[in-house]
Amino acid sequence: MPTKEWTVLVWMAGDNNLEDFALSDLQELKKVGSTSKVDVLVQLDVMRDDHTRRYHIHKGTSVNEDVVEDLGETNTGDPKVAVDFFKWGISRCPAKRYLAVIWNHGSGIDETDIYRRAYRARMTVGRRIAPSATVVSPRLVRAALSRRYGRAIFASTVKQALRQPKFGVRGIAYDDSARDFLDNLELAKVLAAVKAKLKRKVDLLGFDACLMNMLEIGYELRASAGLVVGSEEVEPGDGWPYDRVLADLVAKPSMTAEQLGATIVKRYAESYKSDAVTQSLLDTTRTPATARAVDELADALIVALKDGEYGNVVKAVKDAQRFDMKDFVDLGDLAGQLRKRCRSEAVKSAAAAVIASLDDLVVAEKHVGAGLSRASGVSIYCPIIVKEAEPVYRRLAFAKDTRWDEFLRACDQA
């Protein structure tokens, strides 16, 4: 089989209440389909019949005709399932470049099983059981954890989250049948396996999911993915406009990974008129430089806190651009707020260096809608109260390699 220009690999975790969106996206992909230069492969796990199918997407065929394998029931929370799909896709459709899409992922770098947490809280997660004081639906689990208690980089207190009203938003990718999820540490392992198969980094990694374009995540994945495209904010249920993106790609299959990533950013922003959305393309090779700049900023801030600037620092932290998950703050805007409010010349200089580093890190960025005017393309964990997150956050590569977590603790203790 001749090597094509691009193979697009879309791994859809649809064994949850987002199943209909997955089927809709499948149809969007079919509007364009594979061509002589581009192959499109999908693995979709659905709830309606407890089957996982692999598709080689073509235009003008039925969905059933595109099925090339029926795997029966699988667990999308098992890293091996994702690894098997990506390896299979690479072998089946060799290409010069690969776009690997994680559809509806975002549970946390912490390897905590939230279903188990719910059980420990003496609550039952029932798939087809009427909700009660002790029985909750998987939909509520996902909704709660994807919003105020959701952690794109770590899990939260499930018991408290499950006591809240339903949120009804695009949630974290759970496999409701298996009562499992794929977290970001496992995602890093998946991508490492894909890199080993390719013998190089994945050209472009896409997160059709919520809240994933964080500095910590890009830093965690820097060894296995060259470019990452995703959102700082939560995504509406419709996610990416696959038909428009794929149409652009097949019209110009010679696109570089950077060009395709920028196309996704552009088409995503254009597809939403009334929703507040963000999308950006990050160069993970630039994350170490930004991490060093943030490290210097953290050091300057720790000194400033000791020198009586607590009020200025807290004001900057509170006023910075935040997203639906309020612990996540836009890094560029946070640095700008600190530069504006702090007296310390060291803080001002370090904040300016952080902002300058984003010129290389953020390759493309667009934001649409009210409340997102100061989004710059990459967020960072910066809560007002940090004690709950400390043990998990310190396990991240970013926290180990920088003093950002030390600044957060110093701010909390000042």
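Just so it is clear, the model here is predicted, and its values are computed rather than measured. (Residues numbered from 1 in each chain as written. Predicted model: local features only at pLDDT ≥ 70, side-chain atom pairs only at ≥ 80, totals over all residues. Heavy atoms only, no water.)

Enquirer: What am I meant to see in the overall build of the protein chain here?
Expert: The number of helices and strands found in the protein chain is 16 helices and 15 strands. Sorting the 414 residues of the protein chain into buried and exposed places 61% on the buried side. Put simply, of all contacts in the protein chain between residues at least 6 apart along the chain, 75% involve residues at least 24 apart. When the accessible surface of the protein chain is summed, it comes to about 15800 Å², and 49% of that surface belongs to carbon and sulfur atoms. (Helix = DSSP H or I, 4+ residues; strand = E, 2+ residues; numbered from the N terminus. Buried < 20%, exposed > 50% of the residue type's maximum accessible area, 1.4 Å probe, protein only. Contact = heavy atoms within 4.5 Å. Areas by Shrake-Rupley, 256 points an atom, 1.4 Å probe, with all protein chains shown as cover.)

Enquirer: Sorry, what's going on with the confidence of the model for the protein chain here?
Expert: The predicted coordinates ought not to be read in detail in places where the model reports low pLDDT. Summarising the model, the protein chain shows a mean pLDDT of 81, and 75% of its residues fall at 70 or more. Long-range and interchain partners of residues 105-117, a stretch whose pLDDT sits below 50, account for 70 contacts in this model, where long-range means more than four residues apart. (pLDDT = per-residue confidence, 0-100.)

Enquirer: I keep staring at unusual backbone geometry and nothing clicks. Help me out?
Expert: Glycine aside, residues mostly have negative phi angles, and peptide bonds mostly take the trans form. Residue K199 is not a glycine yet carries a positive backbone phi of 65°. Mapping K199 onto the fold places it in the loop between α6 (184-198) and β10 (202-208).

Enquirer: Any chance you could explain helix α11 (residues 310-319) here in plain terms?
Expert: Because an α-helix packs 3.6 residues into every turn, residues spaced three or four apart end up facing the same way. All of the buried residues along α11 are V313, V314, A316 and V317. Along the long axis of α11, the arc covered by the buried residues comes to 160°, so they all point the same way. The inward-facing, buried residues of α11 contact α10 (287-306), α12 (331-341) and α16 (404-413). (Arc of directions from axis to C-beta.)

Enquirer: I would appreciate a short explanation of the nonpolar core in the present structure.
Expert: Taken as a class, soluble globular proteins show a tendency for nonpolar side chains to be buried jointly. Ranked by internal contacts, the top residues of the largest apolar core, which has 84 residues, are F86, W404 and F407. Per-element accounting of this core gives the leading share, ten residues, to α10. By size, the runner-up hydrophobic cluster in this structure holds 36 residues, among which are W6, L29, L44 and L246. (Core = buried A, V, L, I, M, F, W, Y, C linked by side-chain atoms within 4.5 Å.)

Enquirer: It is not clear to me how the packing of helix α8 (residues 242-251) against helix α9 (residues 257-270) should be interpreted in this structure. Could you clarify?
Expert: In a packed pair of helices, the relevant descriptors are the angle between the two axes and the axis-to-axis distance. One way to put it is that α8 packs onto α9 with a least axis distance of 9 Å and a crossing angle of 145°. Remark: the crossing between α8 and α9 carries right-handed chirality. Counting all contacts with α8, which are made through R244, V245, D248 and L249, the residues of α9 involved are L260, T263, I264, R267 and E270. (Axes fitted to C-alpha atoms, helices over the stretch in contact; angles between N-to-C directions. Left-handed = near helix turned anticlockwise from the far one by under 90°.)

Enquirer: How should the pattern of salt bridges be read in this particular structure?
Expert: Oppositely charged side chains can form a pair if their charged atoms are brought close together. This model, assessed by the stated rule, comprises 20 salt bridges. Among the ionic pairs, R267 bridges to D248, the shortest N-O distance being 2.7 Å. Of the two residues, R267 is situated in helix α9 and D248 in helix α8; the sequence distance between them amounts to 19 residues. Classification of R267 as partly exposed rests on a relative accessible area of 22%. By sharing partners, the salt bridges in this structure join D248, K266, R267 and E270 into a single network. (Salt bridge = Lys/Arg side-chain N within 4 Å of Asp/Glu carboxyl O.)

Enquirer: How should I be thinking about the packing of aromatic side chains in this particular structure?
Expert: Aromatic rings considered in pairs are described by the distance between their centres and by the relative angle of their planes. A full pass over the atoms with the stated rule returns six aromatic pairs. Look at Y219 and F398: their rings are 5.9 Å apart centre to centre, the planes differ by 80°, and that puts the pair in the edge-to-face class. With Y219 in helix α7 (residues 215-220) and F398 in helix α15 (residues 397-401), this residue pair connects regions lying 179 residues apart in the sequence. A relative accessible area of 0% means that F398 is categorised as buried. Judged by centre distance (5.7 Å) and plane angle (40°), the rings of W240 and Y242 are tilted. (Phe/Tyr/Trp six-rings, centres within 6.5 Å; stacked < 30°, edge-to-face > 60°.)

Enquirer: What's the story with the environment of T263 in this structure? I'm lost.
Expert: Structurally, T263 is set in helix α9. In the structure, T263 is positioned 15 residues away from D248 in sequence and 7.7 Å away in space, judged by C-alpha atoms. Look past the residues within four positions of T263 in its chain and what remains in contact with it is D248 and M255. A polar side-chain atom of T263 sits 2.8 Å from the main-chain carbonyl oxygen of Q259. (Polar contact = N/O pair within 3.5 Å; in protein donor to acceptor, adjacent residues only side chain to side chain.)

Enquirer: Would you take a moment to explain α8 for this structure?
Expert: The complete set of buried residues in α8 reads Y242, D243, V245, L246 and L249. Mapping the buried residues of α8 onto a view down its axis gives an arc of 165°, with all of them on the same face.

Enquirer: How should I be thinking about the packing of α11 against α12 in this particular structure?
Expert: Between α11 and α12, whose axes approach to 8 Å, the crossing angle comes to 150°. Regarding α11 and α12, the two cross each other, and that crossing is right-handed. On α12, the residues that touch N312, V313, K315, A316, V317 and D319 of α11 are D333, L334, Q337, L338 and R341. Across the contact of α11 with α12, the residue classes break down as five nonpolar, two polar and four charged. (Nonpolar A, V, L, I, M, F, W, Y, C, P; charged D, E, K, R; others polar.)

Enquirer: I would appreciate a short explanation of the environment of T3 in the present structure.
Expert: Relative to the assigned elements, T3 resides in the segment before β1 (4-14). Distance in space between the C-alpha atoms of T3 and C93 is 7.4 Å, their sequence separation being 90 residues. Excluding residues that lie within four positions of it along the chain, T3 makes contacts with P94, A95 and K96.

Enquirer: How should I be thinking about the pairing of β10 in this particular structure?
Expert: Remember that side chains alternate between the two faces of the sheet whenever the strand is regular. Burial within β10 is extensive, with seven of its seven residues counted as buried. Where strand β5 (residues 95-103) meets β10, five bridges bridge the pair, whose relative direction is parallel. Paired with A100 across the bridge in β10 is L205. Across four bridges, β10 lies against strand β11 (residues 225-230) in parallel orientation. By the bridge assignment for β11, V202 is matched with A225. At this point the chain moves from β10, through α7, to the parallel β11, and the crossover so formed is right-handed. (Pairing = 2+ DSSP bridges. Right-handed = clockwise from strand over helix to strand, strands pointing away.)

Enquirer: Help me out: how do you make sense of the pairing of strand β12 (residues 277-283) in this one?
Expert: With seven of seven residues buried, β12 lies mostly within the body of the structure. Burial along β12 is two-sided: the residues V277, Q279, L281 and D283 and T278, S280 and L282 are all buried. Alignment of β11 against β12, held across four bridges, turns out to be antiparallel. Of the residues in β12, the one forming a bridge with V229 is L281. Pairing geometry for β12 and strand β14 (residues 362-368), over six bridges, is antiparallel. Each residue of the ladder has a partner; that of V277, found in β14, is V368.

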